[in-house]
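# Summary of the model geometry
Okay, here's what each chain looks like letter by letter:
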Amino acid sequence: MVTRRRVIQAAVTGGAFALLPSGAGFGPTRLSSPTGRTALDPEGIEKYRVPLVIPPVMPQSDRGSADGVDHYSIGVRQFRQQVLPPGLPATTVWGYGCTEDSGTFHYPASTLEARVGRPVQVRWKNELLDRSGRHLPHLLPVDPTLHWANPPGGTGGRDGHPTFRSTPGPYTGPVPLVTHLHGGRNTEESDGYPEAWYLPDAVDISPGYARVGSFYDLYKQKAQAAYDVAWGPGEAVFRYANEERAATLWFHDHALGVTRLNVYAGLAGFYLLRGGPADLPEGVLPGPAPRTEDPSGGAVTRSRS
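Structural notes, computed from the coordinates. Nothing here was measured: the structure is a model prediction, and the numbers come from that model.

## Description of the overall build of the protein
- Broken down by element type, the protein carries four helices and 14 strands.
- Within the protein, the fraction of its 305 residues that count as buried is 47%.
- A separation threshold of at least 6 residues defines the contact pool for the protein, and within that pool the share at least 24 residues apart is 66%.
- Summed over all atoms, the accessible surface of the protein reaches about 15,500 Å², with 53% contributed by carbon and sulfur.

Pasting the structure below:
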């Protein structure tokens, strides 16, 4: 008997879905899934075959370092990646990457390298769209009966707990996103507040849908006033002052009611804040740290200088 627990175990492999088209003939046992596709049985997948990825450094945007600020343009896209061992199918995942270089999109994301006392400004873009500009549905089943972002509720029902007269199916509309820097000491407009989510700028969003969360417009105005920066459709611009101690931080999606699912789908990456009096001296930790010119994925073998 296939239990709910077994379906979830089969669906989440290495932090993302390992879903196959119906009828795919691969070695591990296939289990049925609520989405109508088939999922690999994780007990049939050989463990510890693939080395852990060492994420490369996230490249800056074309603006680079200007006016004492490091600028990034980072999007969220859907793609296929070899997460499972060689010989098994690629996995459809979501990931962050530099919008000016499609080759940088990866799960887990490339690492943002920051320095104490030097601000970082990121234009976070929701690019969960197909090639025709239509919205992509979630990779995982979204329960619309929760207290969540609820775009179908419109401006009056967003960020609420919708009610239904009968049990609804999973939500299949455009996916709300907003990125949070976990552990960062940031002002509210750049915090990635759960109710400051935004949908992708898709061509097929129903007219009655709320396209942004209930705090999005307020924080958009605050960012405009504080940093003279405009937010476009399907995006938000956050600035991180980096005034705290050196630390290992991470960024992830934070949208109300779907944070767990969005992180499962692949939306997570490191943010390493270096420098200042609290940082460790060179050589204490294994290294050296990756740099932007280092190749993706492998160990850094650059000699110290």
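From this point, the narrative continues.
## Some points on the nonpolar core
- Membership of the largest hydrophobic core comes to 50 residues, with the highest contact counts inside it found for Tyr-96, Trp-124, Trp-231 and Tyr-271.
- Broken down by secondary-structure element, the contributors of at least two residues to this core are strand 7 (69-81), strand 8 (91-98), strand 9 (112-115), strand 10 (120-126), helix 3 (216-227), strand 12 (235-240), strand 13 (247-253) and strand 14 (268-274).
- With four residues, strand 12 is the single largest residue contributor to this core.
- Membership of the second largest hydrophobic core comes to five residues, among which are Phe-79, Val-83, Val-93 and Tyr-107.

## What to know about the packing of aromatic side chains
- This model, assessed by the stated rule, comprises eleven aromatic pairs.
- Pairing Trp-124 with Phe-251 gives two aromatic rings, centres 5.5 Å apart and planes at 50°, and the pair type is tilted. Pair noted here: Trp-124 is in strand 10 and Phe-251 is in strand 13, with a separation of 127 residues, a long-range link.
- Since its relative accessible area comes to 2%, Trp-124 is described here as buried.
- Each ring, one from Trp-148 and one from Tyr-171, has its centre 4.8 Å from the other, and the planes form 70°; the classification is edge-to-face. Taken together, the residues span a long stretch of sequence, with Trp-148 in the loop between strand 10 and helix 2 (154-157) and Tyr-171 in the loop between helix 2 and strand 11 (179-182) at a distance of 23 residues.

## Digging into the sheet that holds strand 11
- With mixed pairing, the four strands of this open sheet are ordered in space as 9-14-13-11. Both outer strands of the open sheet, strand 9 and strand 11, are each paired with one neighbouring strand and no more. Each neighbouring strand pair of the sheet contributes to a mean axis angle of 25°, computed without reference to strand direction.

## Some remarks on helix 3
- For helix 3, built from twelve residues, the straight-helix expectation of 16 Å at 1.5 Å per residue is met to within 8% by its first-to-last C-alpha distance of 16 Å.
- Contacts made by the buried residues of helix 3 are with strand 12.
- Looking one or two places after helix 3, you find Asp-228, whose phi comes out positive at around 55°.

The rules we used
- Residues numbered from 1 in each chain as written.
- Predicted model: local features only at pLDDT ≥ 70, side-chain atom pairs only at ≥ 80, totals over all residues.
- Heavy atoms only, no water.
- Helix = DSSP H or I, 4+ residues; strand = E, 2+ residues; numbered from the N terminus.
- Buried < 20%, exposed > 50% of the residue type's maximum accessible area, 1.4 Å probe, protein only.
- Contact = heavy atoms within 4.5 Å.
- Areas by Shrake-Rupley, 256 points an atom, 1.4 Å probe, with all protein chains shown as cover.
- Core = buried A, V, L, I, M, F, W, Y, C linked by side-chain atoms within 4.5 Å.
- Phe/Tyr/Trp six-rings, centres within 6.5 Å; stacked < 30°, edge-to-face > 60°.
- Pairing = 2+ DSSP bridges.
- Axes fitted to C-alpha atoms, helices over the stretch in contact; angles between N-to-C directions.
- Expected span 1.5 Å × (residues − 1).

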